[in-house]
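# Close look at the chain arrangement
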Amino acid sequence: MHGNGTGQGAPGETPGETPDDTVTGVSVIIAAHRAHDTIVRAVQSLLDQDWTAWEAVIVSDDGTDYRPTLQAAGIDNPRLVFTATGRVGAGAPAARNAGLAAARLALVAPLDADDRFRPGRLSALAPLALAHGAAFDNVAVVRDEDESPLLCLYEEGQAPARLDGQGFLATSVPMFPVVRRDLVPGWDEDVNFCDDVVFNVRVLDSAGPVPLVSTPFYEYRQRAGSITFSADSGERAERCYRHVLDRLAGDGLGIRDEVLRHRFTQAIAAKRARNAAYEAAFRAGRCANFQEFLALGEGVNP
């Protein structure tokens, strides 16, 4: 696919969509940049869900068409929607916003193109998100090359039943909620590294405490060549943290809760300190990426 892409059709006219889908369905937004080697796994994880009211909005951010890659793997499903940023390397926030513009269903859920949903995720989270505005789940971090587990965000018995802004800010693993469409704030395109953190804080600012499912239904894959695996990931994180602090001191990132804004500022300062410790460990050869650094136990309490 080139340019803006086509294929999503008019609202309500997509084959396979039913009226119930628009009320209970999940638009899964997949930002795709050089993701031809992982997109099949991501989409297959949706096909394996027992909650069938979903669409996958696949956003090309590299000027290529992902349909042939999926079709070559035997995946040609009417629930797949294809669109594009119209640019190359616009970034995940811009791609997700393009996906949001093309999405039609009641709930929205981001899925990184190199990650996967484990079976049962949507049936566990979608009803909770419909009832409470949003729902989060535990996250399993897996090394992509050998399938070895690195860590879970919450170990057995540690996950709270509900998650609020301050509880989220105490975490160090990316989280990917299912959110009711009217509460989706969009992604800040000027925040190009920790955009998921800002997005989640803004969701929780609007929704308040929401359910947290303790099962790790989201599989966050650590891959060589990913942005968090790059040699300059620590520098990228530092630039992002400085920018977020500037935004918090300026427009507050649109966060209405003054206490949460203050806590966010404190959390970013703590993340900067942890990132500096990661940079030192990375340069010393003790870890290859940030999640491996966390697995060492060195960055848990900044």
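Anyway, here's the lowdown on the structure attached to this text. The structure presented is a predicted model; accordingly, all values stated were derived computationally and were not measured.

The subject of this paragraph is the overall build of the chain. Helix and strand counts for the chain come out as 10 helices and 10 strands. Across the 302 residues of the chain, 55% fall into the buried class. Across the chain, every contact between residues at least 6 apart in sequence was considered, and the portion connecting residues at least 24 apart equals 78%. Just so you have it, the chain exposes about 12500 Å², and 50% of that area is on carbon and sulfur atoms.

Structurally, R247 is set in helix α8 (residues 233-249). Given the relative accessible area of 16%, R247 is considered buried. Once residues within four sequence positions are removed from consideration, R247 is found in contact with D188, D190, V191, G252 and L253.

With that settled, consider the nonpolar core. Counting residues in each nonpolar core, the largest one holds 92 residues, and the members touching the most others are V26, I30, I58, M175, V244 and F264. In this structure I58 touches I30, A32, I39, V43, Y66, L70, V81, F82 and T83, once residues within four positions along its chain are discounted.

A separate point is the state of the cysteines. If you walk through the whole model with that rule in mind, you get 1 disulfide. Paired through a disulfide, C194 and C240 show a sulfur-sulfur distance of 2.1 Å. With the S-S dihedral at roughly -80 degrees, the linkage between C194 and C240 falls on the left-handed side. You can see C194 sitting in the loop between β9 (178-180) and α7 (195-207) and its partner C240 sitting in helix α8, a full 46 residues away along the chain.

A word on the packing of aromatic side chains. Here the structure, examined in full by the defined rule, presents 6 aromatic pairs. Aromatic side chains W187 and F199 sit 4.3 Å apart centroid to centroid with 0 degrees between the ring planes, which places their arrangement in the stacked category. Taken together, the positions of W187 in the loop between β9 and α7 and F199 in helix α7 put the pair 12 residues apart, joining distant regions of the chain. Its relative accessible area of 3% is what places F199 among the buried residues. Three or more aromatic residues joined by ring pairs form one cluster here, namely F117, F176, Y218 and Y220. A cation over an aromatic ring shows up here: R121 above the ring of F117, its NZ or CZ 4.4 Å from the ring centre.

On to the environment of D251, then. Among the secondary structure elements, D251 is positioned in the loop between α8 and α9 (258-283). At 2.8 Å, the side chain of D251 and the backbone nitrogen of L253 are in polar contact.

Judged by how many residues are buried, helix α4 (residues 92-102) sits mostly within the fold: 9 of 11 residues are covered. Within α4, burial applies to P93, A94, A95, R96, N97, A98, G99, L100 and A102. The secondary structure elements touched by the buried residues of α4 are β1 (26-32), β2 (54-60), β3 (80-84), β4 (107-110) and α7.

With that settled, the discussion passes to the pairing of strand β7 (residues 149-152). As paired elements, strand β6 (residues 134-143) and β7 share 3 bridges and run antiparallel to each other. Bridge assignment links V141 to a residue of β7, and that residue is L151.

Count 3.6 residues to each turn of an α-helix, and residues three or four apart come out pointing the same way. Between its terminal C-alpha atoms α8 stretches 24 Å, which fits the 24 Å expected from 17 residues at 1.5 Å a residue. S233, G234, A237, E238, C240, Y241, V244, L245, R247 and L248 are the residues of α8 that are buried.

Time to look at the pattern of salt bridges. For the structure on display, the rule yields 24 salt bridges. The salt bridge involving E219 is made with R116; its shortest N-O contact spans 3.2 Å. Taken together, the residues span a long stretch of sequence, with E219 in strand β10 (residues 210-222) and R116 in strand β5 (residues 116-117) at a distance of 103 residues. On the accessibility criterion, E219 (5% relative accessible area) is buried. Among the salt bridges present, the one from D137 reaches R121, with a minimum N-O distance of 2.7 Å. Of this pair, D137 sits in strand β6 while R121 sits in helix α5 (residues 121-132), and the two are 16 residues apart along the sequence. Like D137, the residue R121 is buried in the burial classification. One network of salt bridges, with partners in common, ties together D37, R41, R116, R118, D144, E147, E219, R221 and R223.

Reading the values: rules and limits
- For every chain, the first residue of the written sequence is number 1, and numbering continues from 1 along that sequence.
- Restriction of local features to residues with pLDDT of at least 70 applies here, the model being predicted, together with a cutoff of 80 or more for giving and counting side-chain atom pairs; totals for whole chains, interfaces and linings are based on all residues.
- Computation of side-chain values: all heavy atoms of the structure, hydrogens and water removed.
- Helix and strand definitions here come from DSSP, where helices need a minimum of 4 consecutive H or I residues and strands a minimum of 2 consecutive E residues; each element is numbered from the N-terminal end.
- Only protein chains enter the calculation, and the probe is 1.4 Å; a residue is then buried if its accessible area is under 20% of its type maximum, exposed if over 50%, and partly exposed in between.
- When checking whether two residues touch, look at their non-hydrogen atoms; a contact exists if any pair is within 4.5 Å.
- Only the protein chains shown count as cover for residues, with accessible areas throughout obtained via the Shrake-Rupley method and a probe of 1.4 Å.
- Within this scheme, the nonpolar core is defined by two criteria: the residues are buried Ala, Val, Leu, Ile, Met, Phe, Trp, Tyr or Cys, and they are joined through side-chain atoms within 4.5 Å.
- We call a pair of cysteine sulfur atoms a disulfide whenever their separation is within 2.5 Å.
- A pair of Phe, Tyr and Trp rings is counted when the ring centres sit within 6.5 Å of each other, with Trp represented by its six-membered ring. The angle between the planes then sorts it: under 30 degrees is stacked, over 60 is edge-to-face, the rest tilted.
- Here, a charge over a ring means that NZ of Lys or CZ of Arg falls within 6 Å of the ring centre while also lying within 35 degrees of the ring normal.
- Contacts described as polar in this section are N or O atom pairs within 3.5 Å, which, within protein, must combine one atom able to donate a hydrogen with one able to accept it, while residues neighboring in sequence count only if both atoms come from side chains.
- Two strands qualify as a pair provided DSSP detects at least 2 bridges between them.
- What a helix should span is 1.5 Å times the count of its residues minus one.
- Any Lys or Arg side-chain nitrogen located within 4 Å of an Asp or Glu carboxyl oxygen qualifies as a salt bridge.

Coordinates in, geometry out; function isn't part of it.
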